[in-house]
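# Structural characterization, general
Single-letter residue listing:
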Amino acid sequence: IQENILEKKVVMVGVGSVGSSASAQLVKAGIRNLVLIDPDQLEVHNIIRHLCDLDDLGRYKTDAVADRLKKINPAVNLQLFKDDFVKDYEKIEKSVSDADLLIVSTDTPDSRQVANMVSVEKKIPTVYISLHERAMTGSVYRVVPGKTGCRNCLGDGQWNSEFIPGTTEYSETADERDILFQPGMDSDITLVTLLGVKMALSSLLNPRLKILPDLGANYIHWNGYPGKKGAMARLIPAGIPKNKECDVCGKKPKSTIERNNVYAE
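Predicted, not measured: the structure shown is a model, and the values here were computed from it. (Residues numbered from 1 in each chain as written. Predicted model: local features only at pLDDT ≥ 70, side-chain atom pairs only at ≥ 80, totals over all residues. Heavy atoms only, no water.)

## Examining the sheet that holds strand 5 (residues 126–132)
Here eight strands make up an open sheet; going across it, the order is 3-2-1-4-5-6-7-8 and the pairing mixed. Both outer strands of the open sheet, strand 3 (77–81) and strand 8 (233–236), are each paired with one neighbouring strand and no more. Strand-to-strand twist in this sheet, taken as the mean axis angle between neighbours without regard to direction, amounts to 15°. As paired strands, strand 1 (residues 9–13) and strand 2 (residues 33–37) are joined by five bridges and run parallel to one another. (Pairing = 2+ DSSP bridges. Helix = DSSP H or I, 4+ residues; strand = E, 2+ residues; numbered from the N terminus. Axes fitted to C-alpha atoms, helices over the stretch in contact; angles between N-to-C directions.)

Structure representation (structure tokens):
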């Protein structure tokens, strides 16, 4: 595995609780080229579920995570952007364009939607890692432009839609940014993150395959508290179905920058 991923370039859109841990696992696996994108600073409530600790309070997450990654591999090649993926996309675009994989773990629907447009336009395979309802459930899914449907094909393109009905991103909050303050156990978050890392590594080894051979699926739904019914993990053995009417991958789309101007406003 390591020999085949050494020169791969991975872009992390978000280095919060999921992105920071995923970055560390990727560097441990042998990834040497990483782009870290996150505009936020580390706050007290982040500590219980983040790679970094109290010594990093007030620092930008990109800087704090970068220091941790360099302690794992001092030779790791890092590009850091303390920028908003939506509003500052033109600044970031050049560093994203030649990526082998995007990993998206942001907490806002507009950033995930823009990442999806970038994935389709640049033809970059993308793994999405999401937690729902205070990290009680989560999902990991993979988009391969030209092979599978895109994220916009899910839920007929409705933001926040996921593959499993009823799973929403911390639905009781009034504003999507409020989920930063929602509790979630690190043991649950890390478990879903590691499933995402497994899918990411498999995707780097099999970038153009519609279905990953070792997982046999492009979608994993995890339910950490199933009660007496249901399974803790569910693998859906198919690629994301392509919606021919999708306005991102089904028809000739506008450029990401043209579309992004609408979201940024």
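Moving on, there is more to tell.
## Side note on the packing of helix 2 (residues 17–29) against helix 3 (residues 61–72)
With their axes 10 Å apart at the nearest point, helix 2 and helix 3 run at an angle of 20° to one another. Relative to helix 3, the element helix 2 is oriented roughly parallel. As helix 2 runs across helix 3, the sense of the crossing is right-handed. In this structure, helix 2 contributes S20, S23, A24, V27 and K28 to the contact, and helix 3 contributes V65, L69 and I72. Classifying every residue of the contact of helix 2 with helix 3 gives five nonpolar, two polar and one charged. (Parallel < 35°, antiparallel > 145°, perpendicular 65-115°, else oblique. Left-handed = near helix turned anticlockwise from the far one by under 90°. Contact = heavy atoms within 4.5 Å. Nonpolar A, V, L, I, M, F, W, Y, C, P; charged D, E, K, R; others polar.)

## Things to note about the pattern of salt bridges
The final tally for this structure, using the stated rule, is ten salt bridges. A salt bridge links R68 to D56, with the nearest nitrogen and oxygen atoms 3.0 Å apart. Of this pair, R68 sits in helix 3 while D56 sits in the loop between strand 2 and helix 3, and the two are twelve residues apart along the sequence. Notably, a salt bridge pairs E93 with K122, separated by 2.8 Å at the nearest N-O pair. Taken together, the residues E93 in helix 4 (residues 89–97) and K122 in helix 5 (residues 109–122) connect sequence positions 29 residues apart. In this structure E93 comes out as buried when scored by relative accessible area, which is 18%. (Salt bridge = Lys/Arg side-chain N within 4 Å of Asp/Glu carboxyl O. Buried < 20%, exposed > 50% of the residue type's maximum accessible area, 1.4 Å probe, protein only.)

## Observations regarding the state of the cysteines
This structure, assessed with the given rule, holds zero disulfides. A disulfide-free cysteine, C153 has its sulfur positioned 3.5 Å from the sulfur of C249, the nearest such atom. Given the relative accessible area of 9%, C153 is considered buried. Residue C249 is classed as buried on the basis of its relative accessible area, which comes to 17%. (Disulfide = S-S within 2.5 Å.)

## As for a nonpolar patch on the surface
Residues V44, L54 and L57 make up a contiguous nonpolar surface patch of roughly 280 Å² in combined accessible area. When you line up the elements, L54 lands in the loop between strand 2 and helix 3. Classification of L54 by relative accessible area gives exposed; the value is 56%. (Patch = residues over 30% accessible without salt bridge, like charges linked within 9 Å, V, L, I, M, F, W, Y side chains within 5 Å. Areas by Shrake-Rupley, 256 points an atom, 1.4 Å probe, with all protein chains shown as cover.)

## Quick word on the pairing of strand 6 (residues 137–143)
Of all seven residues in strand 6, seven are buried; the element is thus mostly enclosed. Residues T137, S139, Y141 and V143 of strand 6 are buried on one face, and the alternating residues G138, V140 and R142, pointing to the opposite face, are buried as well. Two elements, strand 5 and strand 6, share seven bridges in a ladder whose sense is antiparallel. Across the sheet, the residue bridging to Y128 is Y141, located in strand 6. Connecting strand 5 to the next strand, strand 6, in antiparallel fashion are four residues, including E133 with a positive phi near 45°. Examined bridge by bridge, strand 6 and strand 7 (residues 219–223) share five bridges and lie antiparallel to one another. Among the inter-strand pairings, T137 is bridged to a residue of strand 7, identified as N223.

## Some points on the environment of E43
Within the secondary structure, E43 is located in the loop between strand 2 and helix 3. For the pair E43 and D53, spaced ten residues apart in sequence, the C-alpha to C-alpha distance is 9.6 Å.

## Here's the deal with the packing of aromatic side chains
Ring pairs (aromatic) are described by centroid distance and by the angle formed between their planes. The final tally for this structure, using the stated rule, is three aromatic pairs. Between F85 and Y89, the ring centres sit 5.8 Å apart and the planes meet at 75°, which makes this aromatic pair edge-to-face. Both residues of the pair, F85 and Y89, belong to the buried class. Between the aromatic rings of Y141 and Y219, the centroid separation amounts to 6.0 Å while the plane-to-plane angle is 25°, which identifies the pairing as stacked. Of this pair, Y141 sits in strand 6 while Y219 sits in strand 7, placing them 78 residues apart in sequence. Residues Y141 and Y219 agree in their burial class; the two are buried. An aromatic cluster is built from Y128, Y141 and Y219, whose rings are joined through pairwise contacts. (Phe/Tyr/Trp six-rings, centres within 6.5 Å; stacked < 30°, edge-to-face > 60°.)

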